Amino acid sequence: MTVLRIAEIFGPTIQGEGALIGEPTLFVRAGGCDYRCVWCDSLHAVESRYRHTWAPMSSEDVWAELRHLSGDQPVTISLSGGNPAIQDFGPVIALGRAAGYRFACETQGSLARGWFGALDTLVLSPKPPSSGETVDWSVFADCVEAGRAARSTVMKIVVFDQADFDWAKDAHARHPDLPLYLQPGNPEVDPEIPVDPQALADRLGWLTGLAMEDRWFTPRILPQLHVLIWGNKRGV
Ligand SMILES: C[S@@+](CC[C@H](N)C(=O)[O-])C[C@H]1O[C@@H](n2cnc3c(N)ncnc32)[C@H](O)[C@@H]1O
Ligand SMILES: Nc1nc2[nH]cc(C(=O)O)c2c(=O)[nH]1
Ligand code: SF4
Ligand SMILES: [Mg+2]
């Protein structure tokens, strides 16, 4: 039996980011990540000092909680983390899909998994220079390949500064067939500190301005809608 390490399961809420923005969604946040992005907004699912808060759950346990939270109404499930690709979510996806649920997964593209092909939406989010991480583009291409059987695969890039923006153009040039979504970075990720919605709006305006000045009309540019609504509150 596969035992999963789960940091949290929450919802229903709306998907706040990217291709499925606004979509009613339940989230499964896997514990553990092979990256340490300096601006990560989900460190409680990344750093080993939070490991004691991650629950060991079987695929059946996870599925039972998803049925409970959804009131048995089929809905989209987003697998996030941490890096969900570290673990085997194939059995959870099989259980949910058999009952008419749809599955998306958010991952940085550092580990390719066979179960990517069983997803409705694979969101690959390669990390720009401001993260402090370096993308292995060969493994990233393996992830795109593993997702060939998924309904759709998209690329979502967080942009904090001009260097990230320039990098996003290069990243898109490597995989021009993937629909591209850009979101401005949120510099304040402490759940105890309130976010400043105007500061987030200013970042969105800045990012939009960069793309429009360059007449770069390829990406969709979106805020983190849940952060605008609820700030850095967890479980929403
Ligand atoms: C917390 S990550 C978990 C999934 C996976 N590890 C990844 O990075 O794609 C989910 C999404 O949040 C984004 N994200 C994390 N911290 C952020 C921040 N401070 N501002 C904006 N987006 C952020 C990530 O880039 C990713 O697209
Ligand atoms: N509402 C909502 N939308 C999200 N989109 C991506 C999230 C994530 O942390 O993976 C997230 C999240 O935590 N909440
Ligand atoms: S890859 Fe995702 S979860 Fe991991 S540290 Fe970076 S943003 Fe956080
Ligand atoms: Mg998040």
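Residues numbered from 1 in each chain as written. Chains lettered and ligands numbered in written order. Predicted model: local features only at pLDDT ≥ 70, side-chain atom pairs only at ≥ 80, totals over all residues.

(A) Spatial organisation of the sheet that holds strand 4 (residues 76-80). In space, the nine strands of this open sheet follow the order 3-1-2-4-5-6-7-8-9, with mixed pairing throughout. Edge positions in the open sheet fall to strand 3 (55-58) and strand 9 (220-221), since each of these has one partner strand only. Examined bridge by bridge, strand 6 (residues 121-124) and strand 7 (residues 152-159) share four bridges and lie parallel to one another. Its bridge partner lying in strand 7, L124 is registered against M155. In this fold helix 1 (residues 59-70) packs onto strand 1 (3-14), strand 2 (24-30), strand 3 and strand 4, with an angle of close to 10 degrees to the strand it touches most, strand 1. On top of the sheet, helix 5 (residues 197-213) reaches strand 7, strand 8 (180-184) and strand 9; it is set at about 135 degrees to strand 8, its chief contact. (Pairing = 2+ DSSP bridges. Helix = DSSP H or I, 4+ residues; strand = E, 2+ residues; numbered from the N terminus. Contact = placed C-beta atoms within 7 Å. Axes fitted to C-alpha atoms, helices over the stretch in contact; angles between N-to-C directions.)

(B) Looking closely at the packing of helix 1 against helix 2 (residues 90-98). Viewed as axis vectors pointing N to C, helix 1 and helix 2 meet at an angle of 40 degrees, and their least axial separation amounts to 9 Å. Compared by their axis directions, helix 1 and helix 2 come out oblique. Judged by the sense of rotation from one axis to the other, the crossing of helix 1 with helix 2 is right-handed. Contact residues: helix 1 offers S59, V62, W63 and L66, while helix 2 offers P91, V92, L95 and G96. (Parallel < 35°, antiparallel > 145°, perpendicular 65-115°, else oblique. Left-handed = near helix turned anticlockwise from the far one by under 90°.)

(C) Highlighting the site of ligand 1. Every one of the 19 residues lining ligand 1 counts as a neighbour, but D41, S42, E106, S125 and N186 are closest to it. Sorting the residues of the shell around ligand 1 by element identifies strand 5 (102-107) and strand 7 as the ones contributing at least two each. Considered class by class, the residues forming the shell around ligand 1 number five nonpolar, eleven polar and three charged. (Near = placed C-beta within 6 Å. Nonpolar A, V, L, I, M, F, W, Y, C, P; charged D, E, K, R; others polar.)

(D) Quick look at the confidence of the model for the protein chain. Here the protein chain averages 98 in pLDDT, and 100% of its residues register 70 or above. Both confidence scores are given for the complex: pTM 0.98, ipTM 0.99. (pLDDT = per-residue confidence, 0-100.)

(E) Molecular detail of the UniProt feature "binding site: [4Fe-4S] cluster" (unreviewed entry) in the protein chain. The feature "binding site: [4Fe-4S] cluster" (unreviewed entry), as given by UniProt, occupies C33, C37 and C40 in the numbering adopted here. Among residues more than four places away in sequence, those in contact with C33 are V46, G81, G82 and N83. Looking at the element boundaries, C37 is found in the loop between strand 2 and strand 3. A count of 20 C-beta atoms within 10 Å places C37 in the buried class. Sequence-distant contacts of C37, that is, excluding residues within four places in its chain, are made with K127, S131, G132 and E133. (UniProt positions renumbered as here; feature names shortened; annotations may be inferred. Buried ≥ 20, exposed ≤ 12 C-beta atoms within 10 Å, placed from the backbone.)

(F) Highlighting the site of ligand 3. For ligand 3, the full set of nearby residues is C33, Y35, R36, C37, C40, S42, V46, G81, G82, N83 and Q108. A per-class count over the shell around ligand 3 returns five nonpolar, five polar and one charged.

(G) Structural detail: the pairing of strand 8. Burial within strand 8 is extensive, with five of its five residues counted as buried. Residues of strand 8 alternate between two faces, with L180, L182 and P184 on one and Y181 and Q183 on the opposite face, all of them buried. Note that strand 7 and strand 8 share five bridges and pair parallel. Counted as the bridge partner of M155 is L180 from strand 8.

(H) Broad picture of the nonpolar core. One finds F103, C105, F116 and L119 to be the most contacted residues of the largest nonpolar core, which totals 48 residues. Residue contributions to this core peak at five residues, all from strand 7. Setting aside residues no more than four positions away along its own chain, C105 makes contact with L79, P84, F116, L119, L122 and V123. (Core = buried A, V, L, I, M, F, W, Y, C linked by C-beta atoms within 7 Å.)

(I) Just the environment of A149, in detail. Its place among the elements puts A149 in the loop between helix 3 (137-146) and strand 7. Residue A149 is classed as partly exposed on the basis of its 13 C-beta neighbours within 10 Å. It is 30 Å that separates the C-alpha atoms of A149 and D41, two residues lying 108 residues apart in sequence.

(J) The arrangement of helix 3 in detail. What helix 3 keeps buried is the set F140, C143, V144 and A146. Down the axis of helix 3, the smallest arc covering the buried residues is 165 degrees, so these residues share one side. Next to the buried residues of helix 3 lie strand 6 and strand 7. (Arc of directions from axis to C-beta.)

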